[in-house]
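So you can see what is in the structure, the chains are spelled out below.
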Amino acid sequence: MMQAAKKKLLIVDDDSMLRDALVHMLERAGHQCEGAADGDEGLERILDRGYDLVITDMRMPSMSGIEMIRAVRRALGPNPPFILLSGYHDFEEDELRAAGASLVLQKPLRPRTIRESVASLLAG
């Protein structure tokens, strides 16, 4: 039986502890993961390297997750899918989806929720 190719994921979050925890957890789930500290770095990596899926925080210094998603959508179209993370409750999910987020998850995050969301989006 052939093993499925590892999917390339990017985790963009200014909280290094959360970013590192997500990278570690998703690598253990069999993915190839990289981290980026903010939206500027995330955008540069996505345009330069390409990813199968991106998980990004909504609010970060310099460039927000929403601004990064919009820039990627303008440059690359509908792919890659994005999971947008928010620790705040003052957002409209429809607005975030209109900006290009595939899924919006509320912090604090449950590991199982992240793993299942990633698997679901990668499966199409």
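Thresholds applied
- All chains use their own residue numbering, which begins from 1 and follows the written sequence.
- Local features are withheld for residues below a pLDDT of 70 in this predicted model, meaning they are given only at 70 or higher, and side-chain atom pairs are given and counted only at 80 or more; totals for whole chains, interfaces and linings count all residues.
- Where side-chain values are given, they derive from all heavy atoms of the structure, hydrogens and water being excluded.
- Strands here mean DSSP runs of E at least two residues long; helices mean DSSP runs of H or I at least four residues long; both are numbered from the N terminus.
- Residue exposure (1.4 Å probe, protein chains only): buried if accessible area is under 20% of the type maximum, exposed if over 50%, otherwise partly exposed.
- Any pair of residues with heavy atoms lying within 4.5 Å of one another is described as a contacting pair.
- Two aromatic rings, drawn from Phe, Tyr or Trp (for Trp, its six-membered ring), form a pair once their centres lie within 6.5 Å of each other, and the interplanar angle then sorts them: stacked below 30 degrees, edge-to-face above 60, tilted otherwise.
- Both a distance and an angle decide whether a charge sits over a ring: NZ of Lys or CZ of Arg must be within 6 Å of the ring centre and within 35 degrees of the ring normal.
- For two strands to count as paired, DSSP must find a minimum of two bridges between them.

Draft legend 1. Examining the environment of D14 more closely. Within the fold, D14 resides in the loop between β1 (8-12) and α1 (16-28). Relative accessible area serves as the criterion here: at 38%, D14 is assigned to the partly exposed category. For the pair D14 and M58, spaced 44 residues apart in sequence, the C-alpha separation works out to 10 Å. Among residues more than four places away in sequence, those in contact with D14 are R19, A37, D57, R59, M60 and P61.

Draft legend 2. How the structure looks around the packing of aromatic side chains. Applying the stated criterion across every chain, the model contains 0 aromatic pairs. Seen from the ring of Y51, K8 lies directly overhead, with NZ or CZ sitting 5.1 Å from the centre.

Draft legend 3. Examining the pairing of strand β3 (residues 53-57) more closely. With respect to burial, β3 is a largely interior element, 5 of its 5 residues being buried. Here β3 shows a buried face lined by L53, I55 and D57 and a second buried face lined by V54 and T56. The sheet contact formed by β1 and β3 spans 4 bridges and is parallel. Opposite V12, over in β3, you have T56 as the bridge partner. The sheet contact formed by β3 and strand β4 (residues 82-86) spans 4 bridges and is parallel.

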